[in-house]
Every structure is written in structure tokens, then in C-alpha cells.
Amino acid sequence: MDLQGRTIALIGRLDRLPRRRLAPAITRLQLDIRTRVSRQAAIGVVGHGSSGAVRTGTLATRIERADARGIPLVSENQFLRLIGVLPPLADEVRLYTEDELADWSGLPSHELRLLILFDVLEPGNQRYGFRDLKAAREFGRLLRTTDDFADAFELALALRRKTAYALHLAELNLLAPAPRPDDQLALGDAPQSFDDSWEAALGAHMAGDYRDALIAYRRCAEMRPRDCQCLFNLSAVLMRLKSDAEAETLLRRVVTIKPGFAEAWASLATLHHGEERIRLLEKAVEAKPAHVDSVRMLARAYMDNDDYRRALPLWERFLSLASARSTAVDQRDLDFARRALLLCRMSRMKAHSARRVR
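Heads up: these notes are all about the structure in this document. (Residues numbered from 1 in each chain as written. Predicted model: local features only at pLDDT ≥ 70, side-chain atom pairs only at ≥ 80, totals over all residues. Heavy atoms only, no water.)

### Looking at the nonpolar core
Across soluble globular proteins, you tend to see nonpolar side chains buried next to one another. Note the threshold: For this analysis, a nonpolar core means a set of buried residues of the types Ala, Val, Leu, Ile, Met, Phe, Trp, Tyr and Cys, connected via side-chain atoms within 4.5 Å. Think of it in three bands: with a 1.4 Å probe and only protein chains considered, a residue is buried below 20% of the maximum accessible area for its type, exposed above 50%, and partly exposed in between. We count a stretch as a helix when DSSP gives it H or I for four or more residues in a row; a strand needs E for two or more, and each element gets its number in order from the N terminus. Note on definitions: a residue-residue contact is assigned when non-hydrogen atoms from the two residues lie within 4.5 Å.
L59, F118, F139 and W315 are the most contacted members of the largest nonpolar core, which totals 99 residues. Broken down by element, the residue count for this core peaks at 8 residues, all from helix α15 (residues 292–304). The contact partners of F118, leaving out residues within four places of it in the chain, are V46, G47, H48, S50, S51, V54, L59, S75, F153, L157 and Y165.

This is the structure:
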């Protein structure tokens, strides 16, 4: 992102580095730094000094104002990297989108966003690594014990600050509670916690070792039979291993427990064709209208059914979502969507012409 000569809106105080360290970069780039979120701002920067406003709710109001004005928000560290004051993030395998991180960690998207805006989690090219996923899940565990987001947030941020952001939250001891009875399963002489099994399952899943992942996910499902993300991941591995019937049973259990789980509806749809596939994808989009994969799949299903009228607004929505800040979309899907949208519009024009002739 080129910030040369642009207006920057500061939300809270920057406290990572002293002002004298920033002055040369601000002068070099001719940045217009303002403390008010106006429409002229190229970006809004959430400073670490605004962390106290999380508890009062005033930060949420300022974030909503920036969102309403279409101003993208970045964290303090992201801003300092954009202006060349901090070095780039270290190389790391980053496979997850923000949506996937929210789903796999179980954190609501607005809470996860705050962790990102305060550099508790740090993306590279809008993607997140396994350490981010582990840290987000650890934060979720802490939140379940405190039942107070502000308390959990302050602890996580304090740990990051204590190490001057040199250590990732996944490397710090955020919380070491005594395991709950349902979080531990005796396996021979070596009891294994849910989190140990979950980490092993994710590692095997990401590496493509689906049989090892299957074993570990089954352990997790035995410990937490109503954990929807666990059941969903288990179904994904079963589908990889061509056990579609068992996968469908699990997915139907997931949507019964959590009807708003769009990804589960979309996965169910892949096991069906025709009208049933469309019905399941409509459920997915209803559950999460901004779930980009479900929108794309439903648009394509309508087109396969020659229903260009209903496909058209979905292709428009897909392309809009694909341009959003946190969404990564395959270029081939984008190219197909643009061609499909053109075809839908041509079909609509032909229908209008036909009506005028009659």
C-alpha cells in the first residue's frame, strides 16, 4: 500500500516506538497524521495506546465509524511496517484466512478482529499461520475461564508487550488451567488432553496425513461430542478418505447443533446434486451471507440449473466479497465469476428484449 502524501487517522496513541523514531518516516512520506477518523483518511491506525478503550466500549464506536466510512483499519505494527520503521514479518507458512481462523478457534469475528488490530495475532499477506491458530484457541480457553473479554484481552496484550512483541502469543504461557474431566482422555498409560489431540490432528491434517488426522480427530470427538468445529474437521478428513456416508452423518449433526455453521451446510451440499444441493447451499448463504465460498457455490449451482436471474446478484456479491480486506480468493474463481456475471447480464438483456418484442 502506497501511503505517500496520504492522510492517516490515528485511533489512540502509538506507543510501540517513541515519536522521534517515527518523525523521519512521517516527513519522508509527507503523511498527514490526524486524530479524527474522516473520509479523507487512506487508512485508520489502531494504536496500542487505545487498549483501555476496549473495556469502555468507546473503541468499538470508533471502529464502527471507520467501517461505515469505508476506511480500512490496520494495527500499529502493520502501520510501522508500511512506513518502513519495523522490519517485515519473519517467513512462516501461513495457510489460514481470517474467516478460517475465527471458525477453527471458535472466537467471534469481532473479538478476533481486536486481537489482530492490537497485534496479538499478526497476519502476513492477509493469511495466518499455525501459531496464530494455536494462540487464538488458547485465548478462547482463557476467555471460557474468565468470561470477561476485556480481562482476557488485557492479559494477552500484556504478555506480548512484556517481550516487546519478540515472542508470539503461542510461545507464551497465556493460561495453564487444570484440565476439565471432559478435556482429558486416558490412552494407555499416557493421558492426552483435548488440546494435545487437537494440535496433533491439525498438524496431520495440514500435512495431508489424513489417517493420522482421523485418529486424532476421533479422540477429540470422544472428549467433546458436541464440539462443532471438531466434528466438522473430522467430516472433512472422512471425505478425503472417501467415507462420505459417515461424513454426512457428522455434518447433519453439526447443523442440528449449530444451524448457523455455514461451512457445514456448504460441505453437505458437495455430497448432493440438483435441487438438494441448491437447498443446502441456500441454507449456507442464509447462515452467513458473507461466506464467500458458499456464495460462489450457490451462484454456480443456479447457473448449472439455468437460473441466471438468481445467479446474477450472487456473482455480484461474490466479486464484492472477494475484494474485501480479509478475503483470499483463487484467481481462477475470480476469472470464472467475471465471465459468469457477464453471461448472466447478457441473459437478462435478452429476456428484456424478448418482452419488449412481445
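### Digging into the pairing of strand β3 (residues 41–46)
To be explicit about the condition: Here the rule is simple: two strands pair whenever DSSP picks up at least two bridges between them.
Among the 6 residues of β3, 6 are classified as buried, and the element is accordingly described as predominantly covered. As paired strands, strand β1 (residues 7–11) and β3 are joined by 5 bridges and run parallel to one another. Paired with I11 across the strands is V46, a residue of β3. Relative to strand β4 (residues 73–75), β3 runs parallel, the two being bridged by 3 bridges. If you follow V46 over to β4, its bridge partner there is S75.

### Points about the sheet that holds β3
This is how it is decided: Only the stretch in contact is used when fitting a helix axis, every axis being a line fitted to C-alpha atoms; angles between N-to-C directions are given from 0 to 180 degrees.
Spatially, 4 strands are ordered β2-β1-β3-β4 in an open sheet, and the strand pairing comes out parallel. Unpaired on one side and paired on the other, β2 (32–34) and β4 mark the two borders of the sheet. Sheet twist, expressed as the mean angle between neighbouring strand axes with direction ignored, is 30 degrees.

### Here we look at the state of the cysteines
Condition: Note on disulfides: each one is a pair of cysteine sulfur atoms within 2.5 Å.
For the structure shown, the criterion picks out 0 disulfides. Left unpaired, C228 is separated from the closest cysteine sulfur, that of C230, by 9.8 Å. Taking relative accessible area as the criterion, C228 reaches 10% and is therefore assigned buried.

### Quick look at empty space enclosed by the protein
The criterion, for reference: Both cavities and pockets are sets of points on a 1 Å grid over the protein atoms alone; in a cavity a 1.4 Å probe fits but cannot get out, in a pocket the set is open with protein on both sides within 12 Å along at least five of seven lines, and lining residues sit with an atom within 4 Å of a point. Grid points are joined across faces, edges and corners, and a volume is the space filled by probe spheres set on the points. Residue polarity is assigned by list, with Asp, Glu, Lys and Arg as charged and Ala, Val, Leu, Ile, Met, Phe, Trp, Tyr, Cys and Pro as nonpolar; anything else, Gly included, falls into the polar class.
Taken as a whole and judged by the stated rule, the model has 1 cavity of 30 Å³ or more. Approximately 40 Å³ is the volume attributed to the largest cavity. Surrounding the largest cavity, L10, L14, R19, L22, I26, I33 and F79 form its lining. With 3 residues, the single largest contributor to the lining of the largest cavity is helix α1 (residues 19–29). Split by residue class, the lining of the largest cavity holds 6 nonpolar, no polar and 1 charged.

So far we have only geometry, and geometry alone does not tell us how the molecule works.
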